[in-house]
Amino acid sequence: MPTVALTLGSGGARGLAHIGVIQWLEEHDFEIVAIAGSSIGALVGGIHAAGKLPLYRDWVCGLGRSNVLRMLDLSFSRAGLFKGEKIISHLSSMIGDTQIEDLPIPYTAVATDINRERSVWLNEGSLFKAIRCSIAVPTVFTPQFHQGLWLVDGGLIDPVPVAATRHVPADLHLAVNLNHPTQDLKLPFERPPGETEALGNSLLHGTNDKGRRQWFSGILDSIRNLHKETPEEENSLNMVDVLFRSFDIMQAQITQSRLAAYRPDIIIHLERSEGGFFDYDKADHLIKTGYRLADDALRSHLPKPEIRPDEA
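Please read all numbers here as calculations on a predicted model, not as lab measurements.

**Here's the deal with empty space enclosed by the protein**
Reasoning step 1: Evaluation of the coordinates by the stated rule reveals 2 cavities of 30 Å³ or more.
Reasoning step 2: Taken together, 20 residues make up the lining of the largest cavity; nearest its centre are L43, I87, I135, F141 and Y280.
Reasoning step 3: Mapped by element, the contributors of at least two residues to the lining of the largest cavity are α2 (40–49), α3 (53–60) and α5 (85–95).
Reasoning step 4: Looking at the lining of the largest cavity, the element that brings in the most residues is α3, giving 3 residues.

Listed below in structure tokens is the structure:
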């Protein structure tokens, strides 16, 4: 059975494609001997290491947009919009927390030390505490104080943390990158001809039928709507789109340099156009896409069937 050291990248809901990749590996008798991940990669990888990925897959495939919104718990803090405790508490109760060192598969969640500007590898202690640190997207989820450090999303510095698995003896070192640029990606930010509203006004305010609103309400409106657009709104600019598009661009650039320095044997690239940060209601599509990409990338690496003497 071929062995795989697996690195799972960050990228919000696009990380549900990781489930499809893992499913393909298991169906084709590849043994995952180590997992490292940033952000959603840490979440999916940790749940798989705990042996509960089918349970998570079934749950996430049943989510709608309203379910996603109900998982967002306002923090009323200057450090982030949401506490992130509600989703972690739900997953922990559904899947069961465990100590990382007790997992059957060696596992590393990667976070960012925001004060020392460096990545931190979390490979001991509570699984879901490590996951919560790794998914703390700046300004969206509040940072976590853990092991004497203020930690945020691992994708800030190491979106595809291949260095965390490169020391693992394996037949194949495989990485999944969720931030591959798309040449024909729709750009919703250009204003229609004749519109002259200043960019700063669009960023700092949201509008409704009663007129101009404060920027915080605008963010919440954008999150409530997620990426649901009407024809009249498809060219509009909002703070949430800017935040996550900027984060995607940053991660894509960092990923290029990281993968050049620590080149795995195979990289599976998922294009950003496959989904937005909060598109958890597209779980089924993203899982199938991950499965298809794994098949395209790995089919040639399947073990050759043994030829029996009577067939020679």
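**Points about the pairing of strand β10 (residues 172–180)**
Reasoning step 1: Among the 9 residues of β10, 8 are classified as buried, and the element is accordingly described as predominantly covered.
Reasoning step 2: Strand direction decides the pairing type here: strand β1 (residues 3–8) and β10, joined by 5 bridges, are parallel. Opposite V4, over in β10, you have L172 as the bridge partner.
Reasoning step 3: In terms of strand pairing, β10 meets strand β13 (residues 266–271) through 5 bridges, oriented parallel.

**Thoughts on a nonpolar patch on the surface**
Reasoning step 1: Nonpolar side chains collect at one region of the surface, where I114, F145 and W150 lie side by side and expose about 310 Å² of accessible area between them.
Reasoning step 2: The residue I114 is located in the loop between β5 (107–113) and β6 (118–122) in this model.
Reasoning step 3: Residue classification places I114 among the partly exposed positions, given a relative accessible area of 42%.

**Topic: the pattern of salt bridges**
Reasoning step 1: According to the stated counting rule, one finds 7 salt bridges in the structure shown.
Reasoning step 2: For K288, the salt bridge is made with D284, and the minimal N-O distance between the two is 3.1 Å. Remark: D284 and K288 occur in helix α10 (residues 283–298); sequence separation between them is 4 residues, near one turn of the helix.
Reasoning step 3: Under the relative-accessibility criterion, K288 is labelled exposed at 55%.
Reasoning step 4: Its salt-bridge partner being R299, residue D295 comes within 2.6 Å of it at the nearest N-O pair.

**A short note on the side chain of T112**
Reasoning step 1: Relative to the helices and strands, T112 is located in strand β5.
Reasoning step 2: A relative accessible area of 2% means that T112 is categorised as buried.
Reasoning step 3: Once residues within four sequence positions are removed from consideration, T112 is found in contact with R118, S119, W150, L151, V152, D153, G154, L156 and I157.

Basis of the calculations
- The residue count restarts for each chain, going from 1 along the sequence in the order it is written.
- Local features in this predicted model are restricted to residues of pLDDT 70 or higher, and side-chain atom pairs are both shown and tallied only at a pLDDT of 80 or more, whereas totals for entire chains, interfaces and linings draw on every residue.
- Calculation of side-chain values draws on the structure's entire complement of heavy atoms; hydrogens and water are dropped beforehand.
- Only protein atoms enter the 1 Å grid, on which a cavity is a set of points fitting a 1.4 Å probe that cannot get out and a pocket is an open set with protein on both sides within 12 Å along at least 5 of 7 lines, lining residues being those with an atom within 4 Å of a point.
- Grid points are joined across faces, edges and corners, and a volume is the space filled by probe spheres set on the points.
- Secondary structure elements are defined from DSSP: runs of H or I of at least 4 residues count as helices, runs of E of at least 2 residues count as strands, and each element is numbered from the N terminus.
- Between buried and exposed lies partly exposed: a residue is buried under 20% and exposed over 50% of the maximum accessible area for its type, with that area taken using a 1.4 Å probe on protein chains only.
- Here, strands pair whenever DSSP counts at least two bridges between them.
- Without a salt bridge and with relative accessible area above 30%, a residue can belong to a patch; like charges are then joined within 9 Å and nonpolar side chains (Val, Leu, Ile, Met, Phe, Trp, Tyr) within 5 Å.
- Reported accessibility uses the Shrake-Rupley method at a 1.4 Å probe radius. Residues are deemed covered only where the shown protein chains occlude them.
- By salt bridge we mean one thing: a side-chain nitrogen of Lys or Arg within 4 Å of a carboxyl oxygen of Asp or Glu.
- Contact between two residues is taken to exist if any of their heavy atoms lie within 4.5 Å; hydrogens are not considered.

Scope: geometric values only; no functional claims are made or implied.
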